[in-house]
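Architecture and fold: a report
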2 protein chains.
Amino acid sequence: MPEFLSLVTPEEALQQLFTRIRPEIKSEKIATTDALNRITAEDIISPQDLPDFRRSTVDGYAVMAKDTHGASESLPAYLKLVGEVLMGKRAPITLASSQCVLIHTGGMLPEGADAVVMLEDTQALDSGEIEIYRPTASGENLIEIGEDVSAGEVVVSRGTRLRPAEIGGLMALGITTLKAVRPPLLALISSGDEVIPPDQTPTPGQVRDVNSYTLASLIQKLGGEAVHYGIIPDSRNAMRKALSRALGECDHVIVTAGSSASARDLTAEIMNELGSPGVLVHGLHIKPGKPTILALAGNQVMIGLPGNPVSALVIAQVLVKPILEHYLGIERRRPHPAIEAELTLNVSSQAGREDWLPVKLVEHDGGKLLAEPVFGKSNLIFILARADGLVRIPPPVTGLEAGSLVSVRLLD
Amino acid sequence: MPEFLSLVTPEEALQQLFTRIRPEIKSEKIATTDALNRITAEDIISPQDLPDFRRSTVDGYAVMAKDTHGASESLPAYLKLVGEVLMGKRAPITLASSQCVLIHTGGMLPEGADAVVMLEDTQALDSGEIEIYRPTASGENLIEIGEDVSAGEVVVSRGTRLRPAEIGGLMALGITTLKAVRPPLLALISSGDEVIPPDQTPTPGQVRDVNSYTLASLIQKLGGEAVHYGIIPDSRNAMRKALSRALGECDHVIVTAGSSASARDLTAEIMNELGSPGVLVHGLHIKPGKPTILALAGNQVMIGLPGNPVSALVIAQVLVKPILEHYLGIERRRPHPAIEAELTLNVSSQAGREDWLPVKLVEHDGGKLLAEPVFGKSNLIFILARADGLVRIPPPVTGLEAGSLVSVRLLD
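Basis of the calculations
Residues numbered from 1 in each chain as written. Chains lettered and ligands numbered in written order. Predicted model: local features only at pLDDT ≥ 70, side-chain atom pairs only at ≥ 80, totals over all residues. Axes fitted to C-alpha atoms, helices over the stretch in contact; angles between N-to-C directions. Helix = DSSP H or I, 4+ residues; strand = E, 2+ residues; numbered from the N terminus. Parallel < 35°, antiparallel > 145°, perpendicular 65-115°, else oblique. Left-handed = near helix turned anticlockwise from the far one by under 90°. Contact = placed C-beta atoms within 7 Å. Nonpolar A, V, L, I, M, F, W, Y, C, P; charged D, E, K, R; others polar. Least-squares fit on C-alpha atoms with pLDDT ≥ 70 in both. Expected span 1.5 Å × (residues − 1). Buried ≥ 20, exposed ≤ 12 C-beta atoms within 10 Å, placed from the backbone. Core = buried A, V, L, I, M, F, W, Y, C linked by C-beta atoms within 7 Å. Domains from an automatic or database assignment. Pairing = 2+ DSSP bridges.

Turning our eyes to something else, we now look at the packing of helix α3 (residues 211-222) of chain A against helix α6 (residues 309-327) of chain A. Geometrically, a packed helix pair is captured by the angle between its two axes and the distance between the axes. Residue and element names in this part refer to chain A. Running from N to C, α3 and α6 point in directions that differ by 30°, and their axes come no closer than 10 Å. The angle between the axes of α3 and α6 places the two elements in the roughly parallel class. The interaxial crossing formed by α3 with α6 has right-handed handedness. Between α3, through N211, T214, L215, L218, I219 and L222, and α6, the contact on the second element is made entirely by P309, A312, L313, A316, K321, L324 and E325. When the residues that make up the contact of α3 with α6 are grouped by side-chain class, the tally is nine nonpolar, two polar and two charged.

Screw-axis analysis of chain A against chain B gives a translation of 0.0 Å along the axis, an RMSD of 0.1 Å, and a rotation angle of 180°. With respect to symmetry, the two chain copies, as superposed, fit the operation of a two-fold axis. Interface residue correspondence from chain A to chain B reaches 100%, placing this contact among same-surface, isologous pairings.

Our next topic: the interface of chain A and chain B. Counting residues at the interface gives 77 residues for chain A, matched by 77 residues for chain B. Here the side of chain A that touches chain B gets eight residues from one element, more than from any other, and that element is helix α2 (residues 164-172) of chain A. Its residues placed into classes, the side of chain A that touches chain B shows 38 nonpolar, 21 polar and 18 charged.

It is worth spelling out helix α5 (residues 261-274) of chain A at this point. Along an α-helix, a turn takes 3.6 residues, which lines up residues three or four apart on a common side. Look at α5(A): 20 Å from first C-alpha to last across 14 residues, which is about the 20 Å you get at 1.5 Å a residue. Buried residues in α5(A) make contact with β13 (185-191), α4 (236-249), β17 (252-256), β18 (277-282), β20 (293-297) and β21 (300-305) of chain A.

Residues and elements named next belong to chain B. Tracing the chain through its elements places S235 in the loop between β16 (225-232) and α4 (236-249). Assessed through the 14 C-beta atoms surrounding it within 10 Å, S235 is described here as partly exposed. Residues S235 and T267, spaced 32 residues apart in sequence, show a C-alpha to C-alpha distance of 9.7 Å.

With that out of the way, let us pick up unusual backbone geometry. Residues and elements named next belong to chain A. Cis geometry marks the peptide bond from S276 to P277, where omega comes out at 5°. That bond from K287 to P288 is cis: its omega, -5°, falls within 30 degrees of zero. Within the secondary structure layout, P288 lies in the loop between β19 (286-287) and β20. Positive phi values are uncommon outside glycine, yet N37 reaches one of about 75°. By secondary structure assignment, the location of N37 is in the loop between β1 (27-31) and β2 (44-45). Residue N37 is classed as partly exposed on the basis of its C-beta count, with 16 C-beta atoms lying within 10 Å.

Let us now look at the nonpolar core. Counting 197 residues, the largest nonpolar core has A:I189, A:I254, B:I189 and B:I254 as the members making the most contacts within it. If near-sequence neighbours (up to four positions away) are discounted, A:I189 is found in contact with A:Y229, A:I232, A:A242, A:L243, A:A246, A:V253 and A:V255.

Attention now moves to the domain arrangement of chain A. Each domain of chain A was delimited in the assignment, giving domain 1 (10-26 + 182-327), domain 2 (28-49 + 156-181), domain 3 (55-143) and domain 4 (338-410). With centres defined by C-alpha atoms, the gap from domain 3 of chain A to domain 4 of chain A works out at 61 Å.

Residues and elements named next belong to chain B. By secondary structure assignment, the location of A295 is in strand β20 (residues 293-297). Using a count of 27 C-beta atoms within 10 Å as the deciding quantity, one classes A295 as buried. Expressed as a C-alpha distance, the spacing of A295 and G275, which sit 20 residues apart in the sequence, is 8.1 Å. Dropping the residues within four chain positions of it, A295 is found in contact with M271, G275, G278, V279, L280 and M302.

This part is about the sheet that holds β18(A). Residues and elements named next belong to chain A. Strand order in this open sheet of six strands is β16-β13-β17-β21-β20-β18, and the pairing throughout is mixed. A single partner strand is all that each edge strand has here, and the edge strands are β16 (225-232) and β18. Strand-to-strand twist of the sheet, defined as the mean angle between neighbouring strand axes without regard to direction, takes the value 15°. Pairing geometry for β20 and β21, over five bridges, is antiparallel. From the neighbouring strand, L296 faces β21, where its bridge partner is V301. In the packing of α6 onto the sheet, the strands contacted are β17 and β21, and the crossing angle to β21 comes to about 165°.

Attention now goes to the pairing of β13(A). Residues and elements named next belong to chain A. The buried fraction of β13 is high, at six of seven residues. Strand direction decides the pairing type here: β13 and β16, joined by six bridges, are parallel. From the neighbouring strand, L185 faces β16, where its bridge partner is E225. As paired strands, β13 and β17 are joined by five bridges and run parallel to one another. When the bridges of β17 are listed, A187 appears paired with V253.

Laid out in structure tokens, this is it:
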């Protein structure tokens, strides 16, 4: 498929890919304390009820609710104080009618008690009796066994990216290890006779490799593992060798193609040779990032990104991210957060093309948030460093007016 | 200051703190490849122009723009092809009038050339001449020296959290190491006679520690470093010893207090004894999370969080996060991303109190996003694991109506 003969939108490209692949999720056992941001490889089932005893939610007196019925400030109920529940201990006695036990927040209810009266609704008398000023209902001010989680319940479903809330919840259940998705290995190949490693000093005409590092950082952030294959010259042999080795050693391959059209065509040719069905998409109807290649070698994805660092990173966000998330087995997908802001300038776009406009967010007097387009030739490396996020201009739209409200997708 | 005598909002609490402290930012030198998510400790200044040579942005012919003036399809300009610029090499010749040189995207312009004509606007003749069908202006299709970044320019300012875009930009400039803020050490002390480590099996009345792990995960995510001090019984001596040791070894201390009011008062008393000015805030006008303590020992913050895991994590998001970011020296603060969604139920709130309502986001037929409140007693550990985010109900508001649009702040 020669370049740009049939451009597709990113959404169409993803659809073409996702209908053809069947991700095989590999898992590994890890400590829950190391699981932040990892993806669960299986449903996690609670081995127990939580709580597994009835807990008080207030400081007060454990009672039989019926003993407090009708109690008021003018006509209190009187209960005999027969003990105290110590924190972390089983209640020392079984409650009988007209008795109460001092209990603290989180304490275990004694047998026989079915409610807790709050301390502020009581008064302790010298006689050892407690005056109760308010009636309480059965079940009040306590958590029942299994009210939080029942034994056998799925507490975290497969394909969930773990946040602090889940980590803590699993620890509450004593689940100190879990099966997480093994991070897919993404090979990164940079190409271009002009590209040199960042720790070298370029001679005239040379530039330092940028894409290997933006992509590796993004992949790390998303939960994949980047494997560097270095910088390959613009030669058929070198590219074929590198791509072939990377396919053998990694799950997927990303090539940032040389900048010229011929270098990109070469990449596509080699992808067609090395894998079947080969190239699915050669050219996206998007700006920036048109010269993007999407190919398959069986279940392994090969992605050819534009050499231009801004284009490469935009496509990484728009295309590589959902592909990686697919292979990470993310099933519980939370919406991508965005910020509403007012566009400061008119922006035009070509009908049928999807544009991603870099913007900087600026707080206006009065707290209104403005989205200022970051202009400049799209080849300027620092455009995205100067931007907070991207505004998507969908294919049918031919432009956005200054003053209109746009949704800014923050850059990862 | 006894508990709850004067409740303040989280915003007021932060103000009280921030007017009293002067964070001392400690820095360390790290590799740029390890700097994702780290905070810059100083302005980073470019040592060079970027690009440091004039680069073509297209495949085409480097020309003197004046040689193409008036060129059209019917009346082309004819230029003599005198060479090719190889990628990564200095142009082999100095261009004279009526000459052109083949150049590729990213190639270095020859001396004498001041524009590039795109390949598609030309035709190569057998004679070795190139027909040019469109006029080009000086500076067209190239990037000038320093157009991206000038030598001496601040490319990343102090207090910026580094994203993939900045990492790549720094590599383009050969900046392979940088000074990052040393992560503040936050001591985590859990207290409560009923609390046991997660790898132990509770006997009746005992519960496993949750807060140490939710908080450590959140601190890790935000760029701090959590130091575990284990679980302390509800005793004055044990708490005083642990807090004192933590103040000596760490930058700041977070105590998740025992659940009862007396345990919380004990924590506040000890914070007053150990540091000056001591307790600033004892009780927040917030739900959940009212029993929060904020104290200072000189420049070291001591935070007492409620033992209830949901309250602790909400306060961690609302209060601990901005405090940590303050000590991380974050100056370029990007807005907190949020999702607009439609609330599914009426929710009431008390005037003067700030409420944070856990919600689950559900996509309705037609793509509309719904925010479903996650109800349940606020002591249920899994409430936040079941939620996508929090809706803030500001102090003056007494409730939100079903159907109203709310801004959901995603949980970190």
